[in-house]
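Now for the letters of each chain:
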Amino acid sequence: WDGTLVNALAFRYKGRFLEAHANEIRPGIVHRLDQGTSGVIIVARTPAATRKLQDQFRLRTVKKSYLAVTCRNPFSRGTVSMRVNQPIGRHSSRRTEMAIVSEANGGRTASTQFYYIGSDTRDMTS
């Protein structure tokens, strides 16, 4: 295989993968989460599974959970959680970044819940 995920899948499944997805531009690739980070790529082995998963993302019925590690507590002293209910979309000038964007400017409804779960008191500067 030549270094692509699709070719690796074709190699792993002895060509059956590409045969099943013969008419697709990105065979089996359903969704890419968090480009530019560790992220996740969701791949379906059959066209039926591809359509069903793509529909779930299109209809926004997929629940996504993330874990973030920060160097400092991002909350005010004593705060342990926060919810942000603001529309999200592409940043107006840094198009690879997301930002709070009004729905009139293409933002989509989004809700994000943050929880502070603990800290490590070691010096993070060394």
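Residues numbered from 1 in each chain as written. Predicted model: local features only at pLDDT ≥ 70, side-chain atom pairs only at ≥ 80, totals over all residues. Heavy atoms only, no water.

Trainee: Looking at this structure, I do not really get helix α3 (residues 47–58). What am I missing?
Mentor: Along an α-helix, residues three or four positions apart point the same way, because every turn accommodates 3.6 residues. Helix length check: α3, at twelve residues, gives a terminal C-alpha distance of 16 Å against a target of 16 Å (1.5 Å per residue), a fit within 8%. Two residues or fewer past α3, Arg60 is found with a positive phi of approximately 60°. (Helix = DSSP H or I, 4+ residues; strand = E, 2+ residues; numbered from the N terminus. Expected span 1.5 Å × (residues − 1).)

Trainee: How do you make sense of the side chain of His91 when you look at a structure like this?
Mentor: By the element assignment, His91 lies in the loop between β4 (88–90) and β5 (98–100). If we ignore the near neighbours within four places in the chain, the residues touching His91 are Glu97, Met98 and Ala99. (Contact = heavy atoms within 4.5 Å.)

Trainee: Explanation requested: unusual backbone geometry in the structure shown.
Mentor: Among all residues except glycine, the phi angle is most often negative; among peptide bonds, the trans geometry is most common. Positive phi, normally seen in glycine, also occurs at Arg60, with a value near 60°. Relative to the helices and strands, Arg60 resides in the loop between α3 and β3 (81–85). The class for Arg60 is partly exposed, based on a relative accessible area of 47%. (Buried < 20%, exposed > 50% of the residue type's maximum accessible area, 1.4 Å probe, protein only.)

Trainee: How should I be thinking about a positive patch on the surface in this particular structure?
Mentor: A contiguous patch of positive charge on the surface is contributed by Arg60, Lys64, Arg90, Arg95 and Arg108. Examined against the element boundaries, Arg90 turns out to sit in strand β4. (Patch = residues over 30% accessible without salt bridge, like charges linked within 9 Å, V, L, I, M, F, W, Y side chains within 5 Å. Areas by Shrake-Rupley, 256 points an atom, 1.4 Å probe, with all protein chains shown as cover. Salt bridge = Lys/Arg side-chain N within 4 Å of Asp/Glu carboxyl O. Lys, Arg positive; Asp, Glu negative; His and termini not counted. Charge placed at Lys NZ, Arg CZ, Asp CG, Glu CD.)

Trainee: Looking at this model, I keep getting lost on helix α1 (residues 5–12). Mind explaining?
Mentor: Among all positions in α1, only Val6, Leu9 and Ala10 are buried. Angular distribution of buried residues about the axis of α1 spans 100°; they occupy a single face of the element. Seen from the buried face of α1, the exposed residues on the opposite side, beyond 90 degrees, are Phe11 and Arg12. Trailing α1 by a residue or two, Lys14 shows a phi angle of about 50°, which is positive. (Arc of directions from axis to C-beta.)

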